[in-house]
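# Examining the three-dimensional arrangement
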Amino acid sequence: MVKPCFKIRWEILLAVALLFAIAISGCSKNDPNSFQGYVEGDFIYVSSSQSGRLDRLFVQRGEQVTANSPLFILESENEQAGQRQASEQVASSEATLEDMMTGKRAQEIDVIKSQLSQALAYEKLSQINLKRDSSLYMKGVIPKAQLDSTRATADSDSGKVRELKHQLQVAELAARNEQIKAQSANVGAAKATLDQAKWKVNQKRVVSNVSGLVFDTIYRVGEWVGAGMPVVNILPPENIKVRFFVPEPALSKIAIGNEVTIRSDNNRSDIPAKVTYISTQAEYTPPVIYSNETRSKLVYMIEAHPITVSTATQLHPGQPVVVRLK
């Protein structure tokens, strides 16, 4: 029969941490340049500006990713439909603008030309009738009323010819400048809408913009993800840092840019680092720093980053360390 495994209680873990802290605190008594601290990381919380169902998740916790690696995809049916609609609006606006630039269609111009040819024939005939009736009226053959009717018909036919000539000129012209400018603005607005639609579609496929460790994944495939909600947490090695605390008398020994060494229980050699931040405010010793000689004393928080990326990956957030000044 297999015996069940016992679960490690958090009290045991706390006791181990206390034993380690007591051991290193003993060292700190003998070495005034050694201080206790812990590892921390500035995480990159990767999210999408759009909401949607999580369709695919390409990474898992503990995996190393590089820049431009795919992380996850959200469903994008609505956004893709919006992109297609915007694309059709651009095509319609451009077609209208092109039509304005070229005037009427060739078939419409041909119709006006045919009407003009017919009107010219009527005008020619009415002029012949007018000349004949004028001669007959002078001879007293026809009354003046008939001559006036013939003259009115000739004037009407001439007016029709002039009208069709103007219509032909207008048909062959492009639209007015103001109309063309207005339609050009419509084309620009449609293209901007299309750019927005494309951007929304692209926001549904998220890639990593940094290289680092996938520290955690927040959602599972099939779950709904709200806009701006982190789906993946990434810890770049350059974002790993150490926080340690020094009393005020020792603060004068430290300046930004100073080199320090970091030691933990799982590293055989010291890790070189540089001080990158010095707090300007004093605070009580944090509860994670278990040391009898520093408990309940005011200290200043210092941050240091490992000098090289390769050494930074040897440290893990939450890990207790000892920092020694050079």
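The paragraphs below set out a description of the structure included in this document. (Residues numbered from 1 in each chain as written. Predicted model: local features only at pLDDT ≥ 70, side-chain atom pairs only at ≥ 80, totals over all residues. Heavy atoms only, no water.)

### Some remarks on the pattern of salt bridges
- In the structure shown here, the tally under the stated rule is 14 salt bridges.
- Ionic pairing is found between Glu79 and Lys204, a salt bridge with its closest N-O pair at 3.2 Å. In this pair, Glu79 is assigned in helix H2 (residues 77-102) and Lys204 in the loop between helix H5 (177-203) and strand E6 (205-207), connecting sequence segments 125 residues apart.
- For Lys204, a relative accessible area of 1% puts it in the buried group.
- A salt bridge links Asp133 to Arg132; the shortest N-O distance between them is 3.4 Å.
- With a relative accessible area of 2%, Asp133 lands in the buried category.
- Connected through salt bridges with shared partners, the residues Glu40, Asp42, Lys241, Arg243 and Glu303 form a single ionic network. (Salt bridge = Lys/Arg side-chain N within 4 Å of Asp/Glu carboxyl O. Helix = DSSP H or I, 4+ residues; strand = E, 2+ residues; numbered from the N terminus. Buried < 20%, exposed > 50% of the residue type's maximum accessible area, 1.4 Å probe, protein only.)

### Quick notes on the packing of aromatic side chains
- Under the counting rule described, the total for this entry stands at four aromatic pairs.
- Relative to Phe215, the ring of Phe43 lies with its centre 4.6 Å away and its plane at 55°, an arrangement referred to as tilted. Of this pair, Phe43 sits in the loop between strand E1 (34-41) and strand E2 (44-46) while Phe215 sits in strand E7 (residues 212-217), and the two are 172 residues apart along the sequence.
- Given the relative accessible area of 39%, Phe215 is considered partly exposed.
- Aromatic ring contacts, followed pair by pair, group Phe43, Tyr45 and Phe215 into a single cluster. (Phe/Tyr/Trp six-rings, centres within 6.5 Å; stacked < 30°, edge-to-face > 60°.)

### Digging into unusual backbone geometry
- We note that Asn68 has phi near 75°; this positive angle belongs to a residue other than glycine.
- By secondary structure assignment, the location of Asn68 is in the loop between strand E4 (64-65) and strand E5 (70-74).

### Brief notes about the sheet that holds strand E8 (residues 224-225)
- Read across the open sheet, the four strands follow the order E6-E5-E3-E8; overall the sheet is antiparallel. The two strands at the open ends of the sheet, each matched to only one other strand, are E6 and E8.
- Here E5 runs beside E6; their pairing, made up of three bridges, is antiparallel. Among the inter-strand pairings, Phe72 is bridged to a residue of E6, identified as Val206. (Pairing = 2+ DSSP bridges.)

### Quick notes on the nonpolar core
- Within the largest apolar cluster, 23 residues are counted, with the highest numbers of intra-cluster contacts made by Val242, Phe244, Val246 and Ile254.
- Elements supplying a minimum of two residues to this core: E1, strand E10 (240-247), strand E11 (259-263), strand E12 (271-284), strand E13 (298-306) and strand E14 (320-325).
- Discounting chain neighbours no more than four positions away, the residues touching Ile254 are Phe244, Val246, Val275, Ile278, Ile302 and Leu325.
- Formed by 15 residues, the second largest nonpolar core is a distinct cluster that contains Leu71, Phe72, Val206 and Val232. (Core = buried A, V, L, I, M, F, W, Y, C linked by side-chain atoms within 4.5 Å. Contact = heavy atoms within 4.5 Å.)

### Focus: H5
- In this model, H5 (27 residues) spans 39 Å end to end at C-alpha, consistent with the 39 Å of a helix rising 1.5 Å per residue.
- Within H5, the full set of buried residues consists of Ile180, Gln183, Val187, Ala190, Leu194, Ala197 and Val201. (Expected span 1.5 Å × (residues − 1).)

### Details of the side chain of Thr311
- With respect to the element layout, Thr311 can be found in helix H7 (residues 309-312).
- On the basis of relative accessible area, Thr311 is assigned to the buried category, the value being 14%.
- Among the polar contacts made by the side chain of Thr311, one reaches the side chain of Thr308 at a distance of 2.7 Å.
- Excluding its chain neighbours within four sequence positions, the residues that come into contact with Thr311 are Ile271 and Pro306. (Polar contact = N/O pair within 3.5 Å; in protein donor to acceptor, adjacent residues only side chain to side chain.)

### With respect to the pairing of E5
- In terms of residue burial, E5 counts as a mostly covered element, since four of its five residues are buried.
- Across three bridges, strand E3 (residues 52-57) lies against E5 in antiparallel orientation. By the bridge assignment for E5, Leu54 is matched with Leu74.

### Observations concerning the sheet that holds E11
- Ordered by their spatial adjacency, six strands build a closed barrel running E1-E10-E13-E12-E11-E14, and the pairing between neighbours is antiparallel. When the angles between neighbouring strand axes are averaged without regard to direction, this sheet yields 45°.
- When E12 meets E13, the two strands line up antiparallel, connected through eight bridges. Bridge pairing in E13 places Tyr284 opposite Leu298. (Axes fitted to C-alpha atoms, helices over the stretch in contact; angles between N-to-C directions.)

So, to be careful, I would describe these as geometric facts and stop short of saying anything about function.
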